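# Architecture at a glance
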Amino acid sequence: MPKVYIKTYGCQMNERDTEQVSQMFVERGYTMTGRDEDADVVLINTCSVRDQAEQKALGKMGMVRRRRVPLVTGFMGCMAQSRGTELLDKAKVDLVVGTQKYHRVVEYVDEIIRAKETQLMDDERFSIVDIEEEAASQNAIRDHSLKEKQGSAFVSIMQGCNMKCTFCIVPYTRGGERGRPIADIVEEVRRLADRGVKEVTLLGQIVNLYGRHEFPAVDGKSPFVQLLESVHEVPGIQRIRFTSPHPIGYKKDLIEAFTYLPKLAEHVHLPVQSGSDAILKKMHRPYSTAKFIDLVSRIRAARPGIAVTTDVIVGFPGETEEHYQETRAMFEELKFENAFVFRYSKRRGTPAAEMDESLQLSEQVKEQRNQDLLAVVNKHAWTKYEELVGQDVEVLCEGPSKTNETRLMGRTRTNKIVVFDGNPQRHTGEIFNVHISHYENFTLYGDIVTQ
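The present account deals with the structure reproduced in this document.

Each value, and the rule that gives it
- Residues numbered from 1 in each chain as written.
- Predicted model: local features only at pLDDT ≥ 70, side-chain atom pairs only at ≥ 80, totals over all residues.
- Heavy atoms only, no water.
- Helix = DSSP H or I, 4+ residues; strand = E, 2+ residues; numbered from the N terminus.
- Rg over C-alpha atoms; globule rule 2.2 N^0.38 Å.
- Buried < 20%, exposed > 50% of the residue type's maximum accessible area, 1.4 Å probe, protein only.
- Areas by Shrake-Rupley, 256 points an atom, 1.4 Å probe, with all protein chains shown as cover.
- Pairing = 2+ DSSP bridges.
- Axes fitted to C-alpha atoms, helices over the stretch in contact; angles between N-to-C directions.
- Contact = heavy atoms within 4.5 Å.
- Salt bridge = Lys/Arg side-chain N within 4 Å of Asp/Glu carboxyl O.
- Core = buried A, V, L, I, M, F, W, Y, C linked by side-chain atoms within 4.5 Å.
- Parallel < 35°, antiparallel > 145°, perpendicular 65-115°, else oblique.
- Left-handed = near helix turned anticlockwise from the far one by under 90°.
- Nonpolar A, V, L, I, M, F, W, Y, C, P; charged D, E, K, R; others polar.
- Expected span 1.5 Å × (residues − 1).
- Right-handed = clockwise from strand over helix to strand, strands pointing away.

The subject of this paragraph is the overall build of the protein. Secondary structure summary: the protein contains 14 helices and 19 strands in total. Over its C-alpha trace the protein gives a radius of gyration of 23 Å, about what one expects of a compact globule, namely 22 Å for 451 residues. For the C-alpha atoms alone, the extent of the protein along its principal axes is close to 65 × 60 × 45 Å. Of all 451 residues assigned to the protein, the portion counted as buried reaches 56%. Within the structure as shown, the protein displays about 19,900 Å² of accessible surface, and the carbon and sulfur contribution to it stands at 48%.

Strands sit in the order 15-16-17-19-18 around a closed barrel of five strands; the barrel is mixed. Within the sheet, the average angular offset between the axes of one strand and its neighbour, ignoring direction, is 50 degrees. Here five bridges tie strand 15 (residues 392-400) to strand 16 (residues 408-412), and the two strands are oriented antiparallel to one another. The residue of strand 16 that forms the bridge with Val395 is Thr412. The sheet strands contacting helix 13 (residues 363-388) are strand 15, strand 18 (431-440) and strand 19 (443-448), and the helix crosses strand 18 at an angle near 120 degrees.

The next subject is the pattern of salt bridges. Considering all chains together, one arrives at 40 salt bridges under this definition. A salt bridge links Arg190 to Glu187; the nearest nitrogen and oxygen atoms lie 3.3 Å apart. You can see Arg190 and its partner Glu187 sitting in helix 7 (residues 182-194), three residues apart, about one turn around the helix. Relative accessible area serves as the criterion here: at 35%, Glu187 is assigned to the partly exposed category. Ionic pairing is found between Glu319 and Arg369, a salt bridge with its closest N-O pair at 2.8 Å. Within this pair, whereas Glu319 is found in the loop between strand 13 (307-314) and helix 12 (321-334), its partner Arg369 is found in helix 13, the two being separated by 50 residues in sequence. Through salt bridges with shared partners, one network takes in Glu199, Arg239, Arg241, Glu266, Arg303, Glu394 and Arg413.

In this section: the nonpolar core. Ranked by size, the top nonpolar core spans 71 residues in total, and within it Ile157, Leu202, Phe242 and Tyr250 carry the most contacts. Broken down by element, the residue count for this core peaks at six residues, all from helix 7. Apart from residues no more than four positions distant in its own chain, Tyr250 is found in contact with Asn208, Phe242, Pro245, Ile255, Phe258, Val268, Leu270, Leu295 and Ile299. In terms of nonpolar packing, the next biggest core, distinct from the first, is built from 21 residues, Tyr102, Val105, Ile128 and Ile141 among them.

Turning our attention to the pairing of strand 19. As defined by bridge partners, strand 17 (residues 417-420) adjoins strand 19 across four bridges and the pair is classed as parallel. Paired with Val418 across the strands is Leu444, a residue of strand 19. Of the strand pairs in this sheet, strand 18 and strand 19 are connected by six bridges, and their pairing is antiparallel. In the sheet register, His435 faces strand 19, and the bridge partner there is Asp447. Connecting strand 18 to the next strand, strand 19, in antiparallel fashion are two residues, including Asn441 with a positive phi near 50 degrees.

In a packed pair of helices, the relevant descriptors are the angle between the two axes and the axis-to-axis distance. Where helix 12 contacts helix 13, the two axes come as close as 10 Å, and the packing angle between them is 10 degrees. The orientation of helix 12 relative to helix 13 falls into the category roughly parallel. Considering how the two elements wind past one another, helix 12 and helix 13 form a crossing that is right-handed. Counted together, Glu321, Tyr324, Thr327, Arg328, Phe331 and Glu332 of helix 12 and Arg369, Asp372, Leu373, Val376, Val377, Lys379 and His380 of helix 13 form the full contact between these two elements. Each residue belonging to the contact of helix 12 with helix 13 can be placed in one class, and the counts come to five nonpolar, two polar and six charged.

With 17 residues, helix 2 (residues 51-67) extends 24 Å from end C-alpha to end C-alpha; this agrees with the ideal 24 Å at 1.5 Å per step. Tucked inside the fold, the buried residues of helix 2 contact strand 1 (3-8), strand 3 (41-46), strand 4 (72-77), helix 3 (78-83) and helix 4 (86-91).

Right, let's talk about the sheet that holds strand 3 for a bit. Pairing is parallel in the open sheet, where six strands are placed in the order 2-1-3-4-5-6. The open sheet terminates on both sides in strands that have one partner only, identified here as strand 2 (31-32) and strand 6 (128-130). In this structure, strand 4 lies alongside strand 5 (residues 95-97), joined through three bridges in parallel fashion. By the bridge assignment, Gly74 is partnered in strand 5 with Leu95. Packed on one face of the sheet, helix 5 (residues 105-117) meets strand 3, strand 4, strand 5 and strand 6 and runs near 165 degrees to strand 5.

As paired elements, strand 13 and strand 14 (residues 338-343) share six bridges and run parallel to each other. Directly across from Thr309, in strand 14, lies its bridge partner Asn338. In the classification by handedness, the crossover that spans strand 13, the intervening helix 12 and the parallel strand 14 is right-handed.

Here is the structure:
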């Protein structure tokens, strides 16, 4: 059977989707390979959130085809959804599959291979493009291809987003919100726990609004909190995370969940996007800076020691120096433990891309604000890291460090990376304490605490 290589760009949802597709190839008898040079089928799972991600995907496919032309080439994911048939001519691929058709990828590859084997391409290149909507497609992302001793896994609980933020392409590439039944998700988590997984991360584009249009509240608890409670009861699961939430999804019931569900990890990633009310309004973000600050305060009160991280965009159309200083002041006040700072870039098909050209900022101004805000983030974040030096922290070991394969790495409950010496066979997938000796940038270093 042919060998398959899949390269993934973008978010954790894309990583999870790639895992599902890979598992389906394995079940069909294909062999997965980590080298595109060895592959008969080369697929790229794409992202459209930033132009850079699209260019990387196109560049990667170009390099693959310049080296040699595999039997089948194709794009999956958000860029495939937004560009569709345009990619056939632009990248000369055989297959373009949108975000609601991942479960069709293997059969489409089979079909293309059969077409080539029967020489149907003598007169015209055979290709398949499928970017249509499909009901219940969210239920197809449910199978896992786990590595040996894998301790952590992603679980997709929904697809799509209804928020329509003016800078974001996701509602147009992923479609409207569609949640999976709680029972199906819990059964998936139970199977993972039976295979040794100790930590699950629940995934959704707007994860904490899961099920709001499909499932009822019960005893004042939203479907998402009901799901958290059900997953919390699964034996063997010791940590629960979720990403990426929206501030408006943090109602009273979810904040209270942090007071009585100890398996919920002490970390929330809470995208603010701007600290200016005027810019938030332009972004179509339905909260004020005052409400966001109050929300962070209530979350920290519910679970002392919780780490709060965020996303923010600098240089949004019309952002003045005063608007930026408001964002900077918010970051000084809230002291996030980390932040992804993005320079605004136009995304075709979004309302912000159509805003008056006079509102667009220069790349120089965006870069200046980017670097300045990063300095603020680092100043406060490294204070938190400094506090951990000399302390013992609980770590879930994920395996060899990506920067030094002779050492191991894991994550704390507050989602900080820790690097240490250990035995891969003994420690991978296990939870234990590490004594922190020092830190560099956003990585902690230490030694395993012997029992």
